[in-house]
Amino acid sequence: MDDKTKKNSKSIQDKLATIKYNCDNKSHITINQNKCSKCKEKVCTFICPANVYKFDETANEVVAQYENCLECGACRISCPKQAIDWHFPASGCGIILKNS
Amino acid sequence: MDILYNADIIVVGAGPAGISAAISAVRLGKKVVLIDRAKYPGSKNMYGGAVYSEALKQIFDEKTLETLPYERIINSNTWSFLNDTGSFDLTYNNSSSKSAYAIKRFNFERWMIDQAKKEGVYYVPNTLVVDLLDDNGYVVGVQTELEKYYSRVVILADGVNSFLAGKLGLRKEFVPKDMILSVKETFKLDKKTIEERFRLKSDLSNGVAKMYFGGLKEVKNIFMMTYFYTFKDTLMLGVGVSLEDLKRNRLNINEVLDEIKEHPDIKALIKDAYPVEYSAHLIPETGYKKMPKLTANGVIIAGDAAGFINSVHFEGTNFALISGKLAGETAASINDFDYSGWNLSQYRKKLEKTFIMKDLYSYRNIIENLSKRSGSLSYYYPKKIKEFFEIITSANCISKSSQIRKFSFSFLRDRNITELLKDITTFIKCGIDIFFGK
Ligand SMILES: Cc1cc2nc3c(=O)[nH]c(=O)nc-3n(C[C@H](O)[C@H](O)[C@H](O)COP(=O)(O)OP(=O)(O)OC[C@H]3O[C@@H](n4cnc5c(N)ncnc54)[C@H](O)[C@@H]3O)c2cc1C
Ligand code: SF4
Ligand code: SF4
């Protein structure tokens, strides 16, 4: 991670700390790793406003920290290979906004 | 199949479009069920900050509107071009205007749902609709995670991502160009400080909205807008950038937000305020040209789900409220039991008589045209405005006319002349579209 990415990641972490979630124990995001292995752009790793996606170099996999998701839908539309199967979290789960 | 209908009309999504649709249908004597995935009204929703009173007046009477739990009336609007160190502003104040209310979605949707319940709408929160039920090519209800609900018509008011319209094949798959991504931070600051800083009265009868263009130091070719609203004891600050531009520049939108917060003008707005919530949402840019099919057998689409919005002017809730109203009325006024897409398509005809279709048509090319000139808008002109004002404000002992001459010629020298011509034709095109629009 370069300095810019690190700084942004910390900044997002701080912002996420202000949000209330009702956590679901099941992920609402499924990634087709076969497609990812052929993906050069790795758009998901920088497009998400909650920094949900990380590329794990050792496992050679994209991992999604779905609990942080802000439910905007940007990742799904931006992935060049339609590798992200994104649903809304189950009824009543996910983000709870009170001040927006 | 013999269907036992649970309701005449099911509305999916309790945002402004869905609630308005539900109220309008119930007023015509129909049995209406309104379903939302959120546990608390409005708790999945975010926006810039203001709902418009004209649209509300078309749905609620004056007495009911008096109970709207708004936080401030927005009647000062500023448009500002940011350069690296300063800004050029245009402000319009009208302290007697009551045309926009700053209100949090958590409060707005709750208030609207309370009204809907009073009028007889059956509201089902905490319930995700996962699919639509089909009978012989007709939509006849919804499948939630737990049950099936049957109705004669389903109104889709499920917001910008509208997975359900996608499933029905009523629209094309989205591409990044179709969307603006926005993130927002809500900041807490005590009421008195807000009123002193923005010169507001303490009775909440005025408030400010500000729109900013440009302001980034390094990235010069993105189309972005920054917005700011004063609430009672909170401030809203957000940025919106085309998803396509973010992708092309490999840029994270939070970096854009953080950089804008460093601009001296923006810094001054939120000084001493502390963040209390962060949120993200898409804004549809599909507009007139990529509008989904608005009706099919047993379904109508309203609000963001249909891409009804005018993002240039930050209008969306009004499009949602009025399209929802027309959707609800259309569905409820069918009495020959013919719920075919063809029969429901009166909805589109009704929309065409309103500002919704007219504005969508007039603005059909604007964002696309402006985005093509995003480098000029967000970077070049703010820089030139700065140069101009440096000339007229700094008594630098150089003759004014020689400086102004030099400045004027710089438009021809700074960049390839074709850039200037492209800007001019784009602005003329936008002007013509609006002037000769519907
Ligand atoms: C950053 C930003 C700033 C904006 N600023 C302004 C502004 O200042 N003024 C203005 O007028 N407009 C503004 N808008 C636009 C405005 O917010 C939208 O146009 C408006 O909210 C659309 O209303 P809607 O009812 O169509 O959709 P939404 O408000 O998105 O409501 C959709 C509802 O459907 C529910 N839902 C979705 N899918 C399902 C499902 N499968 N099952 C059950 N429930 C479901 C959601 O929980 C949600 O409650 C802004 C938008 C954004 C993103
Ligand atoms: S952008 Fe899509 S295909 Fe590429 S790594 Fe991310 S999820 Fe996989
Ligand atoms: S929906 Fe938005 S917040 Fe959630 S993972 Fe996708 S991009 Fe990130």
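Residues numbered from 1 in each chain as written. Chains lettered and ligands numbered in written order. Predicted model: local features only at pLDDT ≥ 70, side-chain atom pairs only at ≥ 80, totals over all residues. Heavy atoms only, no water.

## What to know about the state of the cysteines
Residues and elements named next belong to chain A.
Then step 1. Summed over all chains, the structure comprises zero disulfides over all chains.
Then step 2. Of the cysteine sulfurs around Cys-23, a residue in no disulfide, the closest is that of Cys-93, at 8.3 Å.
Then step 3. For Cys-23, a relative accessible area of 54% gives the class exposed. (Disulfide = S-S within 2.5 Å. Buried < 20%, exposed > 50% of the residue type's maximum accessible area, 1.4 Å probe, protein only.)

## Brief notes about the packing of aromatic side chains
Then step 1. Per the counting criterion, the structure on display carries 20 aromatic pairs over all chains.
Then step 2. With a centroid separation of 5.5 Å and 75 degrees between ring planes, the pair formed by Trp-86 of chain A and Phe-88 of chain A is classed as edge-to-face.
Then step 3. An aromatic cluster is built from Phe-88, Tyr-380, Tyr-381, Phe-388, Phe-389, Phe-407, Phe-411 and Phe-427 of chain B, whose rings are joined through pairwise contacts.
Then step 4. We note Arg-105 of chain B situated over the ring of Tyr-47 of chain B; from NZ or CZ to the ring centre the distance is 5.0 Å. (Phe/Tyr/Trp six-rings, centres within 6.5 Å; stacked < 30°, edge-to-face > 60°. Lys NZ or Arg CZ within 6 Å of the ring centre and 35° of its normal.)

## Observations regarding the confidence of the model for chain B
Then step 1. Counting all residues, the mean pLDDT for chain B is 95, and 100% of those residues have values of 70 or more.
Then step 2. The ipTM value of the predicted complex is 0.98, and its pTM value is 0.96. (pLDDT = per-residue confidence, 0-100.)

## Structural notes on the environment of Leu-412 of chain B
Residues and elements named next belong to chain B.
Then step 1. Locating Leu-412 in the fold gives a position in helix α16 (residues 400–413).
Then step 2. Exposure remark for Leu-412: the relative accessible area of 45% places this residue in the partly exposed category.
Then step 3. Along the primary structure Leu-412 and Asn-75 are separated by 337 residues, whereas in three dimensions their C-alpha atoms are 39 Å apart.
Then step 4. Beyond its immediate sequence surroundings of up to four residues, Leu-412 is in contact with Ile-417 and Leu-420. (Helix = DSSP H or I, 4+ residues; strand = E, 2+ residues; numbered from the N terminus. Contact = heavy atoms within 4.5 Å.)

## Some remarks on the packing of helix α1 (residues 16–26) of chain B against helix α10 (residues 317–332) of chain B
Residue and element names in this part refer to chain B.
Then step 1. Put simply, α1 and α10 touch, their axes get as near as 7 Å, and they point 35 degrees apart. Between α1 and α10 lies a crossing of right-handed hand. Taken together, the residues of α10 that come into contact with α1 (itself represented by Pro-16, Ala-17, Ser-20, Ala-21, Ser-24 and Ala-25) are Thr-317, Ala-320, Leu-321, Gly-324, Lys-325, Gly-328, Glu-329 and Ala-332. (Axes fitted to C-alpha atoms, helices over the stretch in contact; angles between N-to-C directions. Left-handed = near helix turned anticlockwise from the far one by under 90°.)

## Things to note about the sheet that holds strand β4 (residues 72–73) of chain B
Residues and elements named next belong to chain B.
Then step 1. An order of β3-β7-β4 is seen for the three strands of this open sheet, with the pairing classed as antiparallel. Every other strand in the sheet has two partners, leaving β3 (50–52) and β4 as the edge strands with one partner each.
Then step 2. Across two bridges, β4 lies against strand β7 (residues 100–102) in antiparallel orientation. Counterpart to Ile-73 in the pairing with β7 is Tyr-101. (Pairing = 2+ DSSP bridges.)

## Looking at a positive patch on the surface
Then step 1. Taken together, the side chains of Lys-35, Lys-38, Lys-40 and Lys-81 of chain A define a basic patch exposed on the protein surface.
Then step 2. Mapping Lys-40 of chain A onto the fold places it in the loop between α2 (33–37) and α3 (44–47). (Patch = residues over 30% accessible without salt bridge, like charges linked within 9 Å, V, L, I, M, F, W, Y side chains within 5 Å. Areas by Shrake-Rupley, 256 points an atom, 1.4 Å probe, with all protein chains shown as cover. Salt bridge = Lys/Arg side-chain N within 4 Å of Asp/Glu carboxyl O. Lys, Arg positive; Asp, Glu negative; His and termini not counted. Charge placed at Lys NZ, Arg CZ, Asp CG, Glu CD.)

## Let's talk about the pattern of salt bridges
Then step 1. Considering all chains together, one arrives at 31 salt bridges over all chains under this definition.
Then step 2. In this structure, Lys-15 of chain A and Asp-258 of chain B form a salt bridge, with 2.6 Å as the shortest nitrogen-oxygen distance. Here Asp-258 of chain B lies in helix α8 (residues 253–261) and Lys-15 of chain A lies in helix α1 (residues 3–16), a pairing that spans two chains.
Then step 3. In this structure Asp-258 of chain B comes out as partly exposed when scored by relative accessible area, which is 23%.
Then step 4. Among the salt bridges present, the one from Glu-71 of chain A reaches Arg-37 of chain B, with a minimum N-O distance of 2.9 Å. With Glu-71 of chain A in the loop between β4 (61–64) and α4 (74–78) and Arg-37 of chain B in the loop between β2 (32–35) and β3, this residue pair bridges two chains.

## Focus: the site of ligand 1
Then step 1. With respect to spatial proximity, 37 residues lie near ligand 1, and among them Asp-36, Ala-50, Arg-105, Asp-304 and Thr-317 of chain B are the closest.
Then step 2. Bordering ligand 1 are residues originating from chains A and B.
Then step 3. At 3.3 Å, a backbone N or O of Gly-49 of chain B approaches an oxygen atom of ligand 1.
Then step 4. Contact distances for ligand 1 include 2.5 Å between an oxygen atom and a side-chain N or O atom of Thr-317 of chain B.
Then step 5. In the complex, 97% of the free accessible area of ligand 1, which totals 1,000 Å², lies under the protein chains.
Then step 6. Broken down by secondary-structure element, the contributors of at least two residues to the shell around ligand 1 are α1, β3, β14 (224–230), β16 (274–284) and α10 of chain B.
Then step 7. The element contributing the most residues to the shell around ligand 1 is β16 of chain B, with three residues.
Then step 8. Looking at the shell around ligand 1 residue by residue, the class counts come to 19 nonpolar, 12 polar and six charged. (Near = heavy atom within 4 Å. Polar contact = N/O pair within 3.5 Å; in protein donor to acceptor, adjacent residues only side chain to side chain. Nonpolar A, V, L, I, M, F, W, Y, C, P; charged D, E, K, R; others polar.)

## Some points on the sheet that holds strand β5 (residues 76–82) of chain B
Residues and elements named next belong to chain B.
Then step 1. Pairing is mixed across the open sheet formed by seven strands, whose spatial order is β6-β5-β13-β14-β15-β12-β16. Every other strand in the sheet has two partners, leaving β6 (87–93) and β16 as the edge strands with one partner each. When the angles between neighbouring strand axes are averaged without regard to direction, this sheet yields 15 degrees.
Then step 2. With 10 bridges joining them, strand β12 (residues 179–188) and β16 adopt antiparallel strand pairing. Across the sheet, Leu-181 pairs through a bridge with Leu-282, a residue of β16.
Then step 3. Running at roughly 130 degrees to strand β15 (residues 234–242), α8 makes contact with β5, β12, β13 (208–214), β14, β15 and β16 of the sheet.

## Quick word on the packing of α1 of chain B against helix α4 (residues 105–118) of chain B
All names here are of chain B.
Then step 1. Remark: α1 packs on α4, axes separated minimally by 10 Å, with the N-to-C direction vectors making an angle of 10 degrees. When the axis of α1 is compared with that of α4, the two are roughly parallel. Here α1 contributes Pro-16, Ile-19, Ser-20 and Ile-23 to the contact with α4, which in turn contributes Arg-105, Phe-108, Glu-109, Met-112, Ile-113, Gln-115 and Ala-116. (Parallel < 35°, antiparallel > 145°, perpendicular 65-115°, else oblique.)

## Here we look at the domain arrangement of chain B
All names here are of chain B.
Then step 1. Assigned domains within chain B: domain 1 (7–69 + 104–174 + 290–362), domain 2 (177–284) and domain 3 (367–435).
Then step 2. Each of domain 2 and domain 3 has a C-alpha centre, and these two points are 25 Å apart.
Then step 3. Counting residues at the interface gives nine residues for domain 2, matched by eight residues for domain 3.
Then step 4. Summed over both partners, the interface of domain 2 with domain 3 buries about 720 Å², with 66% contributed by carbon and sulfur atoms. (Domains from an automatic or database assignment. Buried area = accessible area lost by both parts, 1.4 Å probe.)

## Some words on the layout of surface pockets
Residue and element names in this part refer to chain B.
Then step 1. Estimates place the volume of the second largest pocket at around 840 Å³.
Then step 2. Contributions of two or more residues to the lining of the second largest pocket are made by β3, β5, β13, β14, α14 (366–372) and α17 (417–435).
Then step 3. A per-class count over the lining of the second largest pocket returns 22 nonpolar, eight polar and two charged. (1 Å grid on protein atoms, 1.4 Å probe; cavity = no way out; pocket = protein on both sides within 12 Å on 5 of 7 lines; lining within 4 Å. Points joined across faces, edges and corners; volume = space filled by probe spheres on them.)

## Focus on the interface of chain A and chain B
Then step 1. The partner chain B presents 49 residues to the 39 residues of chain A that form the contact.
Then step 2. Buried surface at the junction of chain A and chain B, summed over both partners, amounts to about 3,800 Å²; 54% is from carbon and sulfur atoms.
Then step 3. In terms of surface lost to chain B, no three residues of chain A exceed Lys-15, Ile-77 and Ser-100 of chain A, which account for 19% of the buried area on that side.
Then step 4. A salt bridge links Glu-255 of chain B to Lys-4 of chain A, with the shortest nitrogen-to-oxygen separation between them at 3.4 Å.
Then step 5. Where chain A meets chain B, there are 33 residue pairs in polar contact (both at pLDDT 80 or more).
Then step 6. Looking at the side of chain A that touches chain B, the elements with two or more residues in it are α1, α3, α4 and β6 (94–96) of chain A.
Then step 7. A class-by-class count of the residues in the side of chain A that touches chain B yields 21 nonpolar, 11 polar and seven charged.

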